[in-house]
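# A structural walkthrough
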Amino acid sequence: MNSARKVNPRERRASLPGGLPASGSTRSDASRRALARQIERLVGTTPVFDIHTHLYDPAFRALLLWGIDDLLVYHYLTAEVLRQTDVPYDRFWSLPKARQADLIWEQLFVRHSPVSEACRGVLTSLNALGLDVRKRDLPALRRWFAAQDLNTYLDRCLALAGVERLCMTNSPFDDAERPVWERGFRRDARFLAALRIDPLVVAWPDAGAQLAAWGYGVSRSLSAQTLREVRRFLEVWTGRIDAQYLMVSLPPDFAIPARTGASQMFERAVLPHCRDHGLPLALMLGVKRAVNPELRLAGDGVGRSDLRALEFLCAAYPRNKFLVTVLSRENQHELCVLARKFRNLHLFGCWWFTNVPSVIDEITRLRLELLGLSFTPQHSDARVLDQLIYKWTHFRRILAGALTDQYSDLCATGWEPTVDEIQRDVSDLLGGAFVRFCRG
Ligand code: FIX
Ligand code: ZN
């Protein structure tokens, strides 16, 4: 990927200011501040490859969400507002989007200070777009967004977020997106596809009934013929969307090997397919779907995953590549240790409930300490275009802080990283290592 920013050749050769001070014990405050500024600049200007989002190529039109109302009704905020009000759930869902947004604005921004990460995120994005958030004027914000042209606005959001390319989440089982792929369209090269296959693994035989309706010769039981047809389905969709990887989210108790349909589906269809195409399989582990169904998309919870399943997969299938993120904070250390054991395992992102500054900071430092630079510390999971701005602004700040500490500790040993070396490392963290893993 073309991610290296232009560096002045003089600067390239230079070591960072500082190094061991005369005493040999600590760096001076001034040299540490210079190091921090340098890292902040490199982290702030290196383009990102955002490897998991729920955004769509603009050709999908209304499926690409953007603007103030979509920012406000993000499911992270619906979960928060439904704690602050006693509006009955069904009454809330019966409201049109703009009225839901009004309620969220009133309750989470006006009547209480917007201190949660999801609230702060809205304000970071608005502020970066040059909007005056002090006025607390929702109608004025709506007027501003209504005047934007989507294509120009898309470029602006990507530029403000520093996102060069991103992966969508593409499900053939989604009735809104499937017909767009089937019709065909001119791709925007910045939007890459990832084939999402949850129903095949967690909702068989319902998913089988869908496949049968689309002309695949499948039955309820996972017979050899059915599994062949599932592989044909995967072939068709991998090719149609030019998938960069396949992806599935799994509950905490997912087990493999096991005498379950999910285990069979993996071992006899999904893994062979990924091997044949050299494609990674992304596993998002630890989600408990619909803990409170009344909250709809906001109703999912978290559980600690049994990572023996992942250990088995990595060990038994060395020719498969696994991209993995886990939802439970309690799993993070164990996951890092697993990644040290298996080179076919690449960790990515601070997913969903771990995507809050205190936990991102902890996880990122842990990964740097245990894995060095061979992982992808973040993805945005953005569902609304404008969220790219805040998700990456907030993350870059944390990454710069963590890297400053790591490089300062390095300097204390007498090893002085050059600007070029730090640029290389940051480019790896923001997409380069992912690209190499996928190609390898
Ligand atoms: O399964 C996923 O890809 C999750 O990221 C989503 O289902 C979830 O709703 C989300 O948006 C989390 O950030
Ligand atoms: Zn997601």
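Here we summarise the structure given alongside this text. All of these numbers come straight from a predicted model, not from anything done at the bench.

## Overview of the overall build of the chain
For the chain, the helix and strand inventory stands at 19 helices and nine strands. Against the 2.2 N^0.38 benchmark of 22 Å for 440 residues, the chain shows a C-alpha radius of gyration of 23 Å, consistent with a compact globule. The dimensions of the chain, computed from C-alpha atoms along their principal axes, are 75 × 55 × 40 Å. For the chain, the proportion of contacts with a sequence separation of at least 24, taken over those separated by at least 6, is 77%.

## Some words on helix α18 (residues 387–411)
Here α18 spans 36 Å end to end across 25 residues, near enough to the 36 Å set by a 1.5 Å rise per residue. Of all 25 residues in α18, 18 are buried; the element is thus mostly enclosed.

## Considerations on the packing of aromatic side chains
Tallying each qualifying case throughout the model produces 22 aromatic pairs. Here the aromatic rings of Y56 and F60 are separated by 5.3 Å at their centres, their planes lie at 45 degrees, and the arrangement is tilted. A residue is classified by how much of its surface remains accessible, and Y56, at 11% relative accessible area, is buried. Aromatic rings pair up to connect Y56, F60, W181 and F185 into one cluster. The ring of F49 is capped by R165, whose NZ or CZ atom sits 4.4 Å from the centre of that ring. Sitting above the plane of the W237 ring, R240 keeps its charged end 4.6 Å from the centroid.

## Some thoughts on helix α6 (residues 97–110)
With 14 residues, α6 ought to run about 20 Å at 1.5 Å a step, and its terminal C-alpha atoms sit 18 Å apart, in line with that. Among the residues of α6, Q100, A101, L103, I104, W105, Q107, L108 and F109 are the ones counted as buried. Where α6 is buried, its residues meet α3 (68–72), α4 (75–84), α5 (89–94), α7 (117–128) and α8 (138–146).

## Observations regarding the state of the cysteines
Simply put, the disulfide is a covalent bond whose two ends are the sulfur atoms of two cysteines. In this structure the tally under the stated criterion is zero disulfides. Of all cysteine sulfurs in the structure, the one in C438 sits closest to C167, which takes part in no disulfide; the separation is 7.7 Å. Among the residues examined, C167 registers a relative accessible area of 0% and is labelled buried.

## Some points on unusual backbone geometry
Residue P205 follows W204 across a cis peptide bond; omega there is 15 degrees. Along the chain, the position of P205 falls in the loop between α11 (198–202) and α12 (206–213). In this structure, P257 follows I256 across a cis peptide bond, with omega equal to 0 degrees. Within the secondary structure, P257 is located in the loop between β4 (243–250) and α14 (261–277). Positive phi is not limited to glycine here, since R136 has a value of about 55 degrees. Locating R136 in the fold gives a position in the loop between α7 and α8. On the basis of relative accessibility, which here comes to 54%, the residue R136 falls in the exposed class.

Criteria and thresholds
- Residues numbered from 1 in each chain as written.
- Chains lettered and ligands numbered in written order.
- Predicted model: local features only at pLDDT ≥ 70, side-chain atom pairs only at ≥ 80, totals over all residues.
- Heavy atoms only, no water.
- Helix = DSSP H or I, 4+ residues; strand = E, 2+ residues; numbered from the N terminus.
- Rg over C-alpha atoms; globule rule 2.2 N^0.38 Å.
- Contact = heavy atoms within 4.5 Å.
- Expected span 1.5 Å × (residues − 1).
- Buried < 20%, exposed > 50% of the residue type's maximum accessible area, 1.4 Å probe, protein only.
- Phe/Tyr/Trp six-rings, centres within 6.5 Å; stacked < 30°, edge-to-face > 60°.
- Lys NZ or Arg CZ within 6 Å of the ring centre and 35° of its normal.
- Disulfide = S-S within 2.5 Å.

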